[in-house]
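Breakdown of the fold
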Amino acid sequence: GTTQAGKGVALGSFLTQAIRRGDVVVFIDPKNSRRLKRVVQRACSDYRDADTFLEFHPAFPELGVRLDFTFNWQKPTEIASRIQSIMPVDTGGAFTAFGWDAVNVVVQGLVSLEDRPNLIKLTKYIEGGIEPVLEASLQRLFDASLGPAWRDLQEMRALMQAAVRGQIKRPSEVATPQLMACVSYYEQHIPQNQRDKVIDSQIRVFRHNREHYQKITANLLPVLSMLTSGDLGRSLSPDPFDAADTRPIMNFEKIERAGHVLYMCLDSLPDPSVATAIGALALADLAARAGMRYNLGGYRRISLFVDEVSNVINQPLIEILNKGAEGGIFTTCAMQTLADLAKRLGSEDAARMALGNLNNLIALRSKDRPTQDFVVETFGKTAIHTMRVGLSSGADAHLGDFSSSYSTQLTESFEEMVPADVLGKLPNLQYFASVSGGRIIKGRFPILDPGVDEPKLLKPG
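Anyway, here's the lowdown on the structure attached to this text. (Residues numbered from 1 in each chain as written. Predicted model: local features only at pLDDT ≥ 70, side-chain atom pairs only at ≥ 80, totals over all residues. Heavy atoms only, no water.)

1. Some points on the sheet that holds strand S6 (residues 302-306)
In space, the five strands of this open sheet follow the order S2-S5-S1-S6-S7, with parallel pairing throughout. Each having just a single partner strand, strand S2 (53-56) and strand S7 (329-333) make up the two edges of the open sheet. Neighbour-to-neighbour, the strand axes of this sheet turn through a mean angle of 15 degrees, independent of strand direction. Sheet strands touched by helix H15 (residues 315-323): S6 and S7. Its angle to S7, the strand with the most contacts, is close to 120 degrees. (Pairing = 2+ DSSP bridges. Helix = DSSP H or I, 4+ residues; strand = E, 2+ residues; numbered from the N terminus. Axes fitted to C-alpha atoms, helices over the stretch in contact; angles between N-to-C directions. Contact = heavy atoms within 4.5 Å.)

2. Here we look at the nonpolar core
In this structure, Leu-67, Leu-138, Phe-142, Leu-227, Met-264, Ile-278 and Leu-304 are the most contacted members of the largest nonpolar core, which totals 92 residues. Formed by 15 residues, the second largest nonpolar core is a distinct cluster that contains Leu-11, Ala-18, Ile-19 and Phe-53. (Core = buried A, V, L, I, M, F, W, Y, C linked by side-chain atoms within 4.5 Å. Buried < 20%, exposed > 50% of the residue type's maximum accessible area, 1.4 Å probe, protein only.)

3. Section: a nonpolar patch on the surface
A cluster of nonpolar residues, Met-387, Val-389, Leu-391, Tyr-406 and Leu-410, forms a patch on the protein surface that exposes about 620 Å² of accessible area. Elements supplying a minimum of two residues to the nonpolar patch: strand S9 (381-395) and strand S10 (402-416). At three residues, S9 tops the list of elements feeding residues into the nonpolar patch. Note on placement: Leu-410 falls in strand S10. (Patch = residues over 30% accessible without salt bridge, like charges linked within 9 Å, V, L, I, M, F, W, Y side chains within 5 Å. Areas by Shrake-Rupley, 256 points an atom, 1.4 Å probe, with all protein chains shown as cover. Salt bridge = Lys/Arg side-chain N within 4 Å of Asp/Glu carboxyl O.)

4. Examining the sheet that holds strand S12 (residues 439-444)
Read across the sheet, three strands follow the order S8-S11-S12 without closing on themselves; strand pairing throughout is antiparallel. Of all strands in the sheet, those bounded by a partner on one side alone are strand S8 (361-363) and S12. Recorded for the sheet is a direction-independent mean angle of 20 degrees between the axes of neighbouring strands.

5. Overview of the pattern of salt bridges
In total, this model carries 25 salt bridges according to the counting rule given. A salt bridge links Lys-37 to Glu-55, with the nearest nitrogen and oxygen atoms 2.6 Å apart. Here Glu-55 lies in strand S2 and Lys-37 lies in helix H2 (residues 34-47), a separation of 18 residues in the sequence. Take Lys-37 and Glu-55: they sit in the same class, and that class is buried. Arg-66 is the salt-bridge partner of Asp-245, the closest N and O atoms lying 3.4 Å from each other. Here the residue Asp-245 occupies a position in the loop between helix H12 (230-236) and strand S4 (249-250), and Arg-66 occupies one in strand S3 (residues 66-67), the gap between them amounting to 179 residues. By relative accessible area, which is 17% here, Asp-245 ends up buried. Overall, Arg-66 belongs to the buried group, its relative accessible area being 4%. Salt bridges sharing partners connect three or more residues here, namely Lys-75, Glu-78, Arg-82 and Asp-285.

Right, here's the structure in full:
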């Protein structure tokens, strides 16, 4: 529906129903609607526990929770795939693939060091260099394979002296002589069958020309910088050992297990780029959680609501729409026109493909002709019967002569069930709906006012 046609009122009704059912609710709101937030808070206070409601807002991080979108994973490559989903799409896909590889190398290195990856660490080692991770990985390998006295080995001491004198070429200025000696020893004295694939990939990045490496990861660093700057970085990459920060640290697994209601504002009006990145990363994490639910089984019903879906839609959301229902994730998307979705996805065909994954369609007032045509197509046609009745009578010249005739004609034609011009004239809150099973509904949404308490019944006498 178009602006002010009733989408927010409809979402408020659906959110209240989901909260009352006991669902885990995740609401992604790019605008931060105060009325919808009050509706959710009122529903939580009426039907759920006091600590059920959770809030996240980039502009007011001190009021909400901290969210860790890199906490839950079954394979380390999942984190690289999540970051890839929020990167700008390039035509050939080469830069996106390089970005995935850059993230994956750092993630694999941190995991091998038993260090939990997050967005701040990824940005630090991709932008500043892989050297600290590589040096720690090599030292860990040498401790395990050569013993704690590996620094006193004759070959290692010779390489160290050569590195200090500058006889070993350094690929970057931040490479220490000890790191150069360790890398040279690994390449010259460790047999192929004893080498570590994770360390091999780190050395490949370490040896790569630094200037060229920055060029091929040019579309990755801006996204990571947006998500790790200032207070937002501390909110999306929470430090559990920071005693000064008392905000709860949440992730989608904890939210699901505790049955929370998460109201996630993106603040898209003043900062649309960061809002898009946060929403896309949240959806990528939720898609990974859906895959985990498939693999492990046993889950609570999750109701996902996405307002202004054209701001945040990405491939993970399409995957959730496509496969999430069987995993217990039921999604409701709100949008204004088909053109908004087409611009975001690149073509009208891609927009229609995304909309094809949605079972139910609720059409409020719409002024956009392509959107009206899509709605009319969805509702289909119906048979219209037209009856024409003819009656004639007359008198001849002779007195008493009289004639009359009567005819009936019945025709049938197939016309649109909901004409396009009617969609542009619907009053606020009124809608046509096509729901799963083929039912067609004409209705009107009720307004939920969270600021007015329900009237109390007087006791008799």
